[in-house]
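If you want the building blocks of each chain, they are given just below.
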Amino acid sequence: MKPRKGSHSVFSVRLHFVFVTHYRRKVITAQMLERLREMVWQVSRKMDCELLEFSGEMDHVHILLDFHPKNSISTVAGCLKSSTARVMKKDFPEQVTKFYKDKVSFWSKSYYVASSGGAPIEKLKEYIKNQDAPI
């Protein structure tokens, strides 16, 4: 993928997020997963991020974003988790209440995030090390 351009920057930041359901309960159905994909896409666009890939299982989801550096990682994660949790409770109340009472959040408080893409670390180290240093 090509790098994107901002007003004063060129960037290529890919982040892999994993959100796990609270208590790792197997609550996510195929219909819920599709709705989660829609919501993640919408929220990502509002934050100038691009959804590259999305999938999941009954107790977690994986999100690959082309991240815009004007955001903070924790802000993006928080917006994605809070908005999707609200929609899950609103759109699938029967499924969600089977597993969670009113005050229990849909997602676990924690999340996983890692940068991905680009050259392997060893290649980057080699490239930086071999720069022509001024004399």
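In every chain, residue numbers begin from 1 and rise along the written sequence. Given that this is a predicted model, residues contribute local features only at a pLDDT of at least 70 and side-chain atom pairs are listed and counted only at 80 or more, while totals for whole chains, interfaces and linings are drawn from all residues. Side-chain descriptors were evaluated using all non-hydrogen atoms of the structure, hydrogens and water having been removed beforehand.

Caption draft 1: Looking closely at the pairing of strand β3 (residues 13-20). Most of β3 sits out of view: 6 of its 8 residues are buried. Two elements, β3 and strand β5 (residues 60-67), share 8 bridges in a ladder whose sense is antiparallel. Bridge pairing links L15 to L65 in β5. Note that β3 and strand β6 (residues 112-116) share 5 bridges and pair antiparallel. In the sheet register, L15 faces β6, and the bridge partner there is S115. Partly exposed describes any residue whose relative accessible area lies between the buried limit of under 20% and the exposed limit of over 50%, with all areas from a 1.4 Å probe on protein chains only and scaled to the type maximum. A run of H or I in DSSP becomes a helix once it reaches four residues, and a run of E becomes a strand once it reaches two; helices and strands are each numbered from the N terminus. Pairs of strands are assigned from DSSP output, requiring at least two bridges between the strands.

Caption draft 2: Region of the structure containing the environment of F99. Structurally, F99 can be placed in helix α3 (residues 93-99). Separated by 35 residues in the primary sequence, F99 and L64 place their C-alpha atoms 27 Å from one another. Note on definitions: a residue-residue contact is assigned when non-hydrogen atoms from the two residues lie within 4.5 Å. Among residues more than four places away in sequence, those in contact with F99 are R25, K26 and V27.

Caption draft 3: Inspection of a nonpolar patch on the surface at higher detail. A surface patch of nonpolar side chains, about 450 Å² in accessible area, is lined by I121, L124, Y127 and I128. As for its placement among the helices and strands, Y127 is situated in helix α4 (residues 121-129). Residue Y127 is classed as exposed on the basis of its relative accessible area, which comes to 56%. Patches here are clusters of residues that have more than 30% relative accessible area and form no salt bridge, with a 9 Å joining cutoff for like charges and a 5 Å cutoff for nonpolar side chains (Val, Leu, Ile, Met, Phe, Trp, Tyr). Note on areas: these come from Shrake-Rupley sampling with a 1.4 Å probe, and a residue is covered only by the protein chains present in the view. Throughout this description, the term salt bridge denotes a Lys or Arg side-chain nitrogen within 4 Å of a carboxyl oxygen of Asp or Glu.

Caption draft 4: Representation of the pattern of salt bridges within the structure. A complete count under the given rule lists 10 salt bridges for this structure. The partner of E50 in a salt bridge is R4, with the nearest N and O atoms 3.3 Å apart. Highlighted residues: E50 in strand β4 (residues 50-57) and R4 in strand β1 (residues 4-5), separated in sequence by 46 residues. Under the relative-accessibility criterion, E50 is labelled partly exposed at 34%. Given a relative accessible area of 18%, R4 falls into the buried group. Across the pair R35 and E38 runs a salt bridge whose closest N-O atoms are separated by 3.2 Å. Taken as a pair, R35 and E38 lie in helix α1 (residues 30-46) at a separation of 3 residues, close to a single helical turn. Several salt bridges share partner residues, and in doing so they unite R35, E38, K90 and D91 into one network.

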